[in-house]
Amino acid sequence: MSSIVDDRLNKLKDKVIFPLKIKFDKNKLLKESSLVRYNAINEKNLERYRRLGFIGKNDSISYDVEDKNWFNNQKDWKISSKVEDNPNTESYRLHEMFKDVLEVDNLEPRFLTQKRGTNAHYHIDGETKCAINFLVRGGQTPISFKNVGNFFYDVALINTHHLHSVPEQKGNDRVLFKLRINQMTYDNAKEKLIAKNL
């Protein structure tokens with residue numbers, strides 16, 4: 001019975017998270033994350049950010065959230081301004097590498113933060129079909145997929161169209177570097193990453 005349950009859990013896990021075997025410089029990314037502006041991800045701010053140019057008009061940042069009241073008022077889960085295109089940065093290196101691997105023009109790189117002692121409620125990342133998340137700081141807390149489970153990772157392809165959350169952040173504030181994939185599904189992106197042995 002146990003192996004049947006394990007097989008089912010592995011199949012569910014394979015549909016939501018795919019850990020990647022890639023080295024990246026967390027210290028460089030952490031330094032780069034301090035050079036950008038952050039604003040809370042919430043309903044009223046998203047439209048204002050577009051109007052003010054904080055989020056580009058063509059950026060696909062939107063969220064479908066179970067707890068609308070929390071999303072309308074939360075201030076501790078934040079997204080960065082556009083990351084500078086500087087060839088000397090780790091964020092640029094990773095963005096260029098994954099654009100090549102996935103054969104796309106732009107992955108809209110951003111940093112995200114979550115304050116220690118807070119949580120990001122269950123949500124779907126709007127128009128973003130999937131994403132590659134690099135955990136820069138705050139690995140003490142897993143990502144949780146509704147009806148699947150909790151998973152720890154350093155870098156992984158995430159199915160952002162499955163309800164997911166981050167439980168209460170323990171230790172340090174959480175910092176992620178995120179490459180948003182709008183041009184293909186999680187399964188298509190996963191195939192390309194497997195083909196490149198990542």
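Rules used throughout
- Residues numbered from 1 in each chain as written.
- Predicted model: local features only at pLDDT ≥ 70, side-chain atom pairs only at ≥ 80, totals over all residues.
- Heavy atoms only, no water.
- Buried < 20%, exposed > 50% of the residue type's maximum accessible area, 1.4 Å probe, protein only.
- Helix = DSSP H or I, 4+ residues; strand = E, 2+ residues; numbered from the N terminus.
- Pairing = 2+ DSSP bridges.
- Axes fitted to C-alpha atoms, helices over the stretch in contact; angles between N-to-C directions.
- Expected span 1.5 Å × (residues − 1).
- Arc of directions from axis to C-beta.
- Contact = heavy atoms within 4.5 Å.

**With respect to the pairing of strand 10 (residues 155–158)**
- Residues of strand 10 alternate between two faces, with Val155 and Leu157 on one and Ala156 and Ile158 on the opposite face, all of them buried.
- Where strand 7 (residues 130–137) lies against strand 10, four bridges are found, and the strand directions are antiparallel. Bridge pairing in strand 10 places Asn133 opposite Ala156.

**Description of the environment of Ile41**
- Its location among the elements puts Ile41 in the loop between strand 2 (38–40) and helix 3 (43–52).
- Given a relative accessible area of 0%, Ile41 falls into the buried group.
- Through-space distance from the C-alpha of Ile41 to that of Ser80 is 9.6 Å; in sequence the pair is 39 residues apart.

**Brief notes about the sheet that holds strand 1 (residues 17–19)**
- Spatial strand order, 1-10-7-12-5-4-2: seven strands in an open sheet with antiparallel pairing. Bordering the open sheet on either side are strand 1 and strand 2, each of which pairs with just one other strand. Each strand axis lies, on average, 30 degrees off the axis of its neighbour in the sheet, ignoring direction.
- Sheet analysis places strand 4 (residues 77–80) next to strand 5 (residues 110–114), joined by three bridges and oriented antiparallel. Counterpart to Trp77 in the pairing with strand 5 is Gln114.

**Here we look at the pairing of strand 5**
- The buried fraction of strand 5 amounts to five of the five residues, a majority that puts the element mostly inside the structure.
- Every second residue of strand 5 is oriented toward a common face, with Arg110, Leu112 and Gln114 on one face and Phe111 and Thr113 on the other, all of them buried.
- Taken together, the five bridges between strand 5 and strand 12 (residues 174–181) define a ladder with antiparallel strand orientation. Residue pairing across strands places Gln114 opposite Arg174, the latter belonging to strand 12.

**Description of helix 5 (residues 90–102)**
- For helix 5, with 13 residues, the first-to-last C-alpha span of 18 Å sits near the 18 Å given by 1.5 Å per residue.
- Within helix 5, burial applies to Glu90, Ser91, Leu94, His95, Phe98, Lys99, Val101 and Leu102. Down the axis, helix 5 shows its buried residues gathered within 165 degrees of arc, on one side only.
- Those residues of helix 5 that are buried lie in contact with helix 2 (26–33), strand 5, strand 7, strand 12 and helix 6 (186–195).

**Looking at helix 6**
- When we look at burial in helix 6, the residues that qualify are Tyr186, Ala189, Lys190 and Leu193. The arc that holds every buried residue of helix 6, seen down its axis, measures 100 degrees, which confines them to one face. The outward face of helix 6, more than 90 degrees from its buried face, is lined by the exposed residues Glu191 and Ala195.
- A positive phi of about 60 degrees marks Asn197, the residue just after helix 6.

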